[in-house]
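Structural overview for review
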Amino acid sequence: QVQLVESGGGLVQAGGSLRLSCAASGSIFSINDMGWYRQAPGKQRELVAAITSSGSTNYADSVKGRFTISRSNAANTVYLQMNSLKPEDTAVYYCNADVVRAWQYGSGDYWGQGTQVTVSS
């Protein structure tokens, strides 16, 4: 069993910052790619940022220069530092991980429960 738990969401004024965390636990051997997605009301879920096990990153154009994704492999945790927040960033943010499970074949895709980020103008 693998569980991903997000934390760090909240309400912030435009121009402010938040840092999201997502910790994976359970029967984990290693984690491949990890990422953050978000979904605003009435819109599709979209990829915000992703990071490989070796640290390579990519970002949605809308957040480049403002958001930074990072990870701790030892802690099985991924972070999203969000600066210069805009009202358009308001959404539920979900973390995602491709997990290699201990003593099991292959890997599987897991999602966190989501954390609300609200940016006021």
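Just so we're clear, the structure is a prediction, and the values are computed from it rather than from any experiment.

1. A closer look at the side chain of D89
Tracing the chain through its elements places D89 in the loop between strand 8 (77-82) and strand 9 (91-101). In this structure D89 comes out as buried when scored by relative accessible area, which is 1%. Beyond its immediate chain neighbours, meaning those up to four positions away, D89 contacts R38, R66, F67, S84, V117 and V119.

2. A few points about the nonpolar core
Judged by nonpolar contacts, the single largest core of 30 residues is most densely connected at W36, V48, F67, V78, L80, M82 and Y93. If you list the elements that add at least two residues to this core, you get strand 1 (2-7), strand 3 (18-26), strand 4 (28-39), strand 5 (46-51), strand 7 (67-72), strand 8, strand 9 and strand 11 (115-120). Counting residues per element, this core draws most heavily on strand 9, which supplies five residues. Residues within four places of V78 in sequence aside, it is in contact with L20, S21, C22, M34, W36, I51, I69, S70, R71 and C95.

3. Topic: unusual backbone geometry
Of note, the phi angle at N76 is positive, near 50 degrees, even though the residue is not glycine. Within the element layout of this structure, N76 appears in the loop between strand 7 and strand 8.

The rules behind the values
Residues numbered from 1 in each chain as written. Predicted model: local features only at pLDDT ≥ 70, side-chain atom pairs only at ≥ 80, totals over all residues. Heavy atoms only, no water. Helix = DSSP H or I, 4+ residues; strand = E, 2+ residues; numbered from the N terminus. Buried < 20%, exposed > 50% of the residue type's maximum accessible area, 1.4 Å probe, protein only. Contact = heavy atoms within 4.5 Å. Core = buried A, V, L, I, M, F, W, Y, C linked by side-chain atoms within 4.5 Å.

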